[in-house]
Amino acid sequence: MTAAASPSSTCCNKKYASCCPEKTADDENDAAHYHASKRQHEGMLREKGLPLVQDAELRGAIVLVRVDHNVVRRCAVVDSFRIDATIGTLFSIVERGGRPVIMTHVGRPKDKSGHIHASPETDVESVVAYLERKLHIKLHVPQLTCTEGVGIVDIDTSINRALRELKAHKVGGIYLPNTRWFAGEEAGGATAKRLACQLAGIADVYVNDAFGSWQSHVSTSEVVRYMPSYAGHLLQSELTGLAALLDAPKRPFVAVVAGSKLDTKIGTLVRIHNAVDHLILGGMVYNAYLCAKHGISMQGVTQEDVEAARALVALDEACPKVVELSHVVHSDRPGGERVEGCFRTVRAYEVSGDGWIVDIAPESFESESVHAVLSSAQTIFVNAVMGFMPSFFEGTLALDSAVGRNKAARKLYGGGDTIQEFKSVAPHLYLKAVSDANERYQFFTGGGAVLKAIELGSPFQLGPVRALCDNGGEARCRSYSEECCR
């Protein structure tokens, strides 16, 4: 016999009926589409040979998780986006019975002479504090011996007590010190192997969820040789999005790229130029391009950058794709200092040798040519801040607004700085972008990783991803007992 609904339950249903409408057929179709798309993406990643965390046995396992929480400036978390992006993988690990040991790099504690200087500016404590507040858990940070100039040589036996407490659920997780405080992280040979073996010795499974950390260091590449290793959910999502961007973007495809130096980006820019239908430049990259194309000079642009830009100018003359931005903001003050009366809007090709270009003028994005390019695009990739932030933000705001007006395009933003400034100058657009799937945005956690993947021609050629494909998974990993105990 079926029990009748209680009066209280009926009352509650009526009470919330107006604010909680029943699921529609569209809702069910959206959910079905999501799961079908996810299965398709997982199939593609497996075909590439990438071992996935959803295939790992995690119950009762200690899981070493490499993340990219490099978001600390002046001992504080400046933007939580990259931290929040990894919470899904961390939750999934814990929900499936795993116990997390987390690690990230923070800043560059190693000087040009190779000496490691541990300091509060490169400590993980502010990240740990953020996660503890966000997740309502206690995280343990091991206090390992760190020698000035040398760094942390060993993960000593003091960590064993913390591991026991982790298994007993007395702490929610362990967060290791900055990976770049370890002597072996950026080293080679025996020093690197020593750290890799010690990391493998404290965990059962390794998960890489650090898309932005594309350099082949011990914590991203070497450790996978010694333990079962898998790609986390965030890494999978970013590889899927980037593969789609590089393999078969919907056209017209527009890229917007800026940066402080051109000579180090010219190879990537040539590849981008070859791949896109239109290319918009900003920052010092655009300044160098203007100097090379129009034979002008300006402060802050080196001769090396101008020489590199000439290659791009020659490429564009043969196959025109660069969309020139007609107006820039010219300043008498260096370093992006904003002083009223000391900056003005001028035509880009009329800049004199004195002064600095500090921003792209907003009217550049209102021009007929730029409007036509951005409004007709089906794929837009943005890895750019147009001006010296935060003083000169108008050009970046104009760019983000112009991109946002195109509702049909898939919009991909790459890099922590690009996303941070998007949130800062256009918070209303950012909130809508992350909350409304119809806006069709994807945010990458590492701009450098995106540009490196473009330069290499595939995200699966990034060092840590290639290491997972070559050595990851349960069956393919080398035995820790055989390799590390020699």
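All figures in this text were calculated on a predicted structure; none of them were measured in a lab.

**As for the sheet that holds strand β5 (residues 139-140)**
Strands sit in the order β5-β6-β4-β1-β7-β8 across an open sheet of six strands; the sheet is parallel. Every other strand in the sheet has two partners, leaving β5 and β8 (229-231) as the edge strands with one partner each. As paired elements, strand β7 (residues 205-208) and β8 share three bridges and run parallel to each other. Counted as the bridge partner of Y206 is S229 from β8.

**Things to note about helix α10 (residues 283-294)**
The end-to-end C-alpha separation of α10 is 17 Å, in line with the 16 Å expected for 12 residues at 1.5 Å each. Most of α10 sits out of view: 10 of its 12 residues are buried. Along α10, the residues that are buried comprise G283, M284, V285, Y286, N287, A288, Y289, L290, C291 and A292. Those residues of α10 hidden inside the fold are in contact with β9 (253-259), α9 (266-275), β10 (278-282), α11 (303-318), β11 (327-331) and β13 (356-360). Looking one or two residues past α10, G295 carries a phi angle of roughly 65°, positive in sign.

**Quick look at the side chain of D359**
Counting through the fold element by element, D359 comes out in strand β13. Lacking a salt bridge, the buried D359 has R338 as its closest oppositely charged neighbour, with an N-O distance of 6.2 Å. Engagement of the side chain of D359 in a polar contact is seen with the backbone nitrogen of E394, the distance being 3.5 Å. Beyond its immediate chain neighbours, meaning those up to four positions away, D359 contacts V328, V329, M386, G387, F392, F393, E394, G395 and T396.

**Focus on the packing of α10 against α11**
Close contact between α10 and α11 brings their axes to 8 Å; oriented N to C, the two are set at 70°. Between α10 and α11, the angle is such that the two are roughly perpendicular. Crossing hand, α10 versus α11: right-handed. Contact residues: α10 offers A288, Y289, C291, A292 and K293, while α11 offers D305, V306, A309, R310, L312, V313 and D316.

**Focus on α9**
For α9, the complete set of buried residues consists of I266, T268, L269, I272 and H273. Each buried residue of α9 sits inside an arc of 155° when the element is viewed along its axis, so together they form one side. On its buried side, α9 packs onto β9, β10, α10, α11 and α16 (447-456).

**Comments concerning the environment of N274**
As for its placement among the helices and strands, N274 is situated in helix α9. Along the primary structure N274 and H233 are separated by 41 residues, whereas in three dimensions their C-alpha atoms are 31 Å apart.

**Topic: unusual backbone geometry**
A cis amide bond links R251 with the next residue in sequence, P252, at an omega value of 5°. Residue position: P252 is located in the loop between α8 (233-247) and β9. Positioned with a positive phi, H136 is a non-glycine residue whose angle comes to about 55°. Along the chain, H136 falls in the loop between α5 (125-135) and β5. One non-glycine residue, H169, lies in positive phi territory at about 65°. Mapped onto the elements, H169 comes out in the loop between α6 (159-167) and β6 (173-175).

**Quick look at the pattern of salt bridges**
Counted according to the given criterion, the structure contains 18 salt bridges. Between E324 and K293 there is a salt bridge whose closest N-O contact spans 2.8 Å. Taken together, the residues span a long stretch of sequence, with E324 in the loop between α11 and β11 and K293 in helix α10 at a distance of 31 residues. Across the pair R333 and E337 runs a salt bridge, and its minimum N-O distance is 3.4 Å.

**Brief notes about the side chain of D79**
The topology assignment puts D79 in the loop between β3 (76-77) and α3 (81-85). Its relative accessible area of 12% is what places D79 among the buried residues. A distance of 2.7 Å separates a polar atom in the side chain of D79 from a polar atom in the side chain of K423. If near-sequence neighbours (up to four positions away) are discounted, D79 is found in contact with V71, Q420 and K423.

**So, the packing of α9 against α16**
The interhelical angle for the contact between α9 and α16, taken along N-to-C directions, is 70°, at an axis separation of 8 Å. Here α9 is positioned roughly perpendicular relative to α16, judged by the angle of their axes. The handedness of the crossing between α9 and α16 is left-handed. On α16, the residues touching T268, R271 and I272 of α9 are L451, I454, E455 and L456. Its residues assigned to classes, the contact of α9 with α16 comprises four nonpolar, one polar and two charged.

**Description of the pairing of β13**
Along β13, four of the five residues are buried, which leaves the element largely enclosed by surrounding structure. Strand direction decides the pairing type here: β11 and β13, joined by four bridges, are antiparallel. In the strand pairing of β13, H330 is matched with I357.

The rules behind these values
Along each chain, the written sequence defines residue order, and numbers are assigned to residues from 1. Where totals are concerned, whole chains, interfaces and linings use all residues; where local detail is concerned, this predicted model gives features only for residues with pLDDT of at least 70, and gives and counts side-chain atom pairs only at 80 or more. Derived side-chain values reflect all non-hydrogen atoms in the structure, with water molecules and hydrogen atoms excluded from consideration. A pair of strands counts as paired when DSSP detects no fewer than two bridges linking them. Here a strand is any run of E in DSSP of at least two residues, a helix any run of H or I of at least four, and the numbering for each starts at the N terminus. The span you would expect from a helix comes to 1.5 Å times its residue count less one. Any residue under 20% of the maximum accessible area for its type is buried, any over 50% is exposed, and the rest in between are partly exposed; the area is computed with a 1.4 Å probe on protein chains only. For this analysis, residues touch if any pair of their heavy atoms sits within 4.5 Å. Counted as positive: Lys and Arg. Counted as negative: Asp and Glu. His and the chain ends are not counted at all. A pair is scored as a salt bridge if a Lys or Arg side-chain nitrogen falls within 4 Å of a carboxyl oxygen belonging to Asp or Glu. Polar contacts, as counted here, are pairs of nitrogen or oxygen atoms within 3.5 Å of one another; within protein the pair requires one atom able to donate a hydrogen and one able to accept it, and residues that are adjacent in sequence qualify only if both atoms are side-chain atoms. Note on geometry: axes are C-alpha line fits, over the in-contact stretch for helices, and angles between N-to-C directions span 0 to 180 degrees. Roughly parallel refers to an angle under 35 degrees, roughly antiparallel to one over 145, roughly perpendicular to one between 65 and 115, and oblique to any angle outside these ranges. Throughout, a crossing is termed right-handed when the near helix is turned clockwise from the far one, and left-handed when it is turned anticlockwise from it by less than a right angle. The arc in question is the one spanned by the directions pointing from the helix axis to the C-beta atoms. Think of it as three bins: nonpolar holds Ala, Val, Leu, Ile, Met, Phe, Trp, Tyr, Cys and Pro, charged holds Asp, Glu, Lys and Arg, and polar takes everything else, Gly as well.

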